[in-house]
Structures are given as structure tokens and as C-alpha cells.
Amino acid sequence: MGVVIIDGSTVRDFVTNEEQFKKSVDESFAALDLNKDGVLSRSELRKAFESLRLIEAHFGVDIATTPEQLTQLYDSIFDKFDCDSSGTVDLPEFRSEMKKILLAIADGLGSSPIQMALEDDDQSFLKKAADFEAAKLDPNRPQAS
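Worth saying up front: this structure is predicted, and the values here are computed from it rather than measured.

## Some thoughts on the nonpolar core
Among the nonpolar cores identified, the biggest contains 29 residues, and Ile6, Val11, Phe14, Leu45, Phe81, Phe94 and Leu102 are the most heavily contacted of them. With sequence-adjacent residues up to four places away left out, Leu45 is seen in contact with Leu40, Phe78, Phe81, Val89 and Phe94.

## Let's talk about the pattern of salt bridges
Evaluation of the coordinates by the stated rule reveals twelve salt bridges. For Lys23, the salt bridge identified is with Glu27, shortest N-O distance 3.4 Å. Linking Lys23 with Glu27, this pair stays in helix α2 (residues 18–32), spanning four residues, or about one helical turn. Note that Asp75 is salt-bridged to Arg42, the shortest N-O span being 3.2 Å. In this pair, Asp75 is assigned in helix α4 (residues 67–81) and Arg42 in helix α3 (residues 42–52), connecting sequence segments 33 residues apart. Counted as one network, the salt bridges with shared partners bring together Asp13, Glu133 and Lys136.

## What about helix α6 (residues 125–137)?
The terminal C-alpha atoms of α6, which comprises 13 residues, lie 19 Å apart, in line with the 18 Å expected from a rise of 1.5 Å per residue. When you tally the buried positions in α6, you get ten out of 13 residues, the bulk of the element. Listing the buried residues of α6 in full gives Phe125, Leu126, Lys127, Lys128, Ala129, Ala130, Asp131, Phe132, Ala134 and Ala135.

How each quantity is defined
- Residues numbered from 1 in each chain as written.
- Predicted model: local features only at pLDDT ≥ 70, side-chain atom pairs only at ≥ 80, totals over all residues.
- Heavy atoms only, no water.
- Core = buried A, V, L, I, M, F, W, Y, C linked by side-chain atoms within 4.5 Å.
- Buried < 20%, exposed > 50% of the residue type's maximum accessible area, 1.4 Å probe, protein only.
- Contact = heavy atoms within 4.5 Å.
- Salt bridge = Lys/Arg side-chain N within 4 Å of Asp/Glu carboxyl O.
- Helix = DSSP H or I, 4+ residues; strand = E, 2+ residues; numbered from the N terminus.
- Expected span 1.5 Å × (residues − 1).

Structure below.
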């Protein structure tokens, strides 16, 4: 387990580096595309968000949310990602929405640093942003893929 300190500029620099950001998002998309058909279905995207437990927990404490409320929330998230209303999320749509989400996180962080404890094998976008920042400070340090 490691500790990283990031702020909005760390996240913004990662997102604005087109090559690194595209590589990271494309790898995440491929991992989420369970049936390897080149698009994310409603259930594939829902599984990704369920695994993060961002909605069912509040500061690590489970909160009561009915299955209907969860379905409605996940459907609205999917609809946001499905920009062309095709019923699936393709790679450009996924890239676009992830960029918006991460830039919103960067704006929210501003110049206030936060400390995050992460597992060494963590592949989150925030961990990748921290690794990208560290690699700029130490060119011999390998970047997360």
C-alpha cells in the first residue's frame, strides 16, 4: 500500500496529456468490455460502477438504497455516457465522459492537495495521474500503464 498526494493540477495534467490519457482510458474500456464486442452495454457499465461502490456507500458506511433507486441511478449514468442514444457506449463516448468526470474532479480539488492511500496494484485513473506526475519529477520512474 502506498500514499500519494494529488491536487487538481495533477489530475488536469494527466487528462491533458492526450497520449497517456488515451492509453489509460482505452485499457480501462477494454477491461470493462467483458464480451469484447467493442462497446459497453448497460450491464457492463453498471458492473464497473457497482465494483467501485461509490453509490452504495458513504465514507465507507453502507447506506440503504432500494434496488429501484439504484437501477434508476445507474440508468441515468449510462444515458449520460451513451451520447448518441444507441443503447451502447463506444470508446469515443467513454473517453469523452471520463475526460469530463476527471476534469470535474480536478476543478473540485483545485489547488488543495489531498492524500490518498492506494494499493500498489491500484489501476484507478487517480493513481495513474499520480504516477504520471511522479514520472515527470523522476524520469527514471516507470509510468503506470
